[in-house]
Amino acid sequence: MTKLVILEYPDPRLRQKAEPVRFVDDALRQSVDDLLETMYAANGIGLAATQVDIHKRMLVIDVSEQRNDPLILINPEILRAEGRESVEEGCLSLPGIYDKVQRATKIRVRALGRDGRPFEIDAEGLLAVCIQHEIDHLEGQLFVDYLSELKRQLIRKRLQKERRQRSSMHETRASAPAL
């Protein structure tokens, strides 16, 4: 397995709409395994392929307490959505940023599993929120798109400042003599 690089907002590749998966084969299953490894390494509960610059309609989720119950959704589509609630979300592509977003409280989803077989699942609570969030990624949408333009500008500036600080720390370490 390979740990992949997670794209960070405002990278334009996050806006690319993912293409449907035509065949579930060993190469695709390897990509799914890489997504899982990357998600777990980043301490996330969900990751869409688009976030790692793979523009195929697939995502992985694990909201279990023990982090040992992964859900793989290939070509997911929401069949039904009920209720509305405001929930705080974060995103691996927007490290350290959290805000409230309106989501359906219950959903029914159809997808293919890792084995290529179709299935349907009913989800509510955190799982429903996570599925909706990751499907948005496949559509080229981010949770900050639900926020005001002013909030998005503030988030962009904050993330750019943090990246500059991380970059200057790396440069300082790289120029320091090794002991």
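Attention here is on the structure that accompanies the text.

## Structural notes on the pattern of salt bridges
Oppositely charged side chains can form a pair if their charged atoms are brought close together.
Here comes step 1: Per the counting criterion, the structure on display carries 22 salt bridges.
Here comes step 2: Of the charged contacts, one joins Lys-17 and Glu-139 as a salt bridge, the two residues approaching to 3.3 Å between their closest N and O atoms. Of the two residues, Lys-17 sits in the segment before α1 (26-41) while Glu-139 sits in the loop between α2 (125-138) and α3 (149-175), which places them 122 residues apart along the sequence.
Here comes step 3: Taking relative accessible area as the criterion, Lys-17 reaches 49% and is therefore assigned partly exposed.
Here comes step 4: Arg-158 is the partner of Glu-162 in a salt bridge, and the nearest nitrogen-oxygen pair spans 3.0 Å. With Glu-162 and Arg-158 both in helix α3 and four residues apart, this pair spans about one turn of that helix.

## A short note on α1
Here comes step 1: For α1, with 16 residues, the first-to-last C-alpha span of 22 Å sits near the 22 Å given by 1.5 Å per residue.
Here comes step 2: Of all the residues in α1, the buried ones are Leu-28, Arg-29, Ser-31, Val-32, Asp-33, Asp-34, Leu-35, Leu-36, Thr-38 and Met-39.
Here comes step 3: Buried residues belonging to α1 abut β1 (46-48), β2 (58-61) and β3 (71-82).
Here comes step 4: One side-chain oxygen at the N-terminal end of α1 lies 3.3 Å from the backbone nitrogen of Ala-27; it belongs to Asp-25.

## Details of the sheet that holds strand β6 (residues 106-112)
Here comes step 1: The strand order across the open sheet built from five strands is β1-β2-β3-β6-β7, with neighbouring strands paired in antiparallel fashion. Two strands in the sheet have a free side with no partner beyond their single neighbour: β1 and β7 (118-124). The sheet shows a mean angle of 40° between the axes of neighbouring strands, taken without regard to direction.
Here comes step 2: One ladder, built from four bridges, connects β2 with β3; its direction is antiparallel. Its bridge partner being in β3, Leu-59 is matched across the sheet by Leu-73.
Here comes step 3: Sheet strands in contact with α1 are β1, β2 and β3, and its direction is about 40° off that of β2.

## Here's the deal with unusual backbone geometry
Trans is the prevailing form of peptide bonds, just as negative phi is the prevailing case for residues other than glycine.
Here comes step 1: Cis peptide bonds are those with omega within 30 degrees of zero, and the linkage from Tyr-9 to Pro-10 qualifies with 10°.
Here comes step 2: One can find Pro-10 in the segment before α1.
Here comes step 3: Unlike most non-glycine residues, Asn-75 shows phi in positive territory, near 55°.
Here comes step 4: In this structure, Asn-75 sits in strand β3.
Here comes step 5: Note on Asn-75: relative accessible area 21%, which makes it partly exposed.

The rules behind each value
- Residues numbered from 1 in each chain as written.
- Predicted model: local features only at pLDDT ≥ 70, side-chain atom pairs only at ≥ 80, totals over all residues.
- Heavy atoms only, no water.
- Salt bridge = Lys/Arg side-chain N within 4 Å of Asp/Glu carboxyl O.
- Helix = DSSP H or I, 4+ residues; strand = E, 2+ residues; numbered from the N terminus.
- Buried < 20%, exposed > 50% of the residue type's maximum accessible area, 1.4 Å probe, protein only.
- Expected span 1.5 Å × (residues − 1).
- Contact = heavy atoms within 4.5 Å.
- Polar contact = N/O pair within 3.5 Å; in protein donor to acceptor, adjacent residues only side chain to side chain.
- Pairing = 2+ DSSP bridges.
- Axes fitted to C-alpha atoms, helices over the stretch in contact; angles between N-to-C directions.

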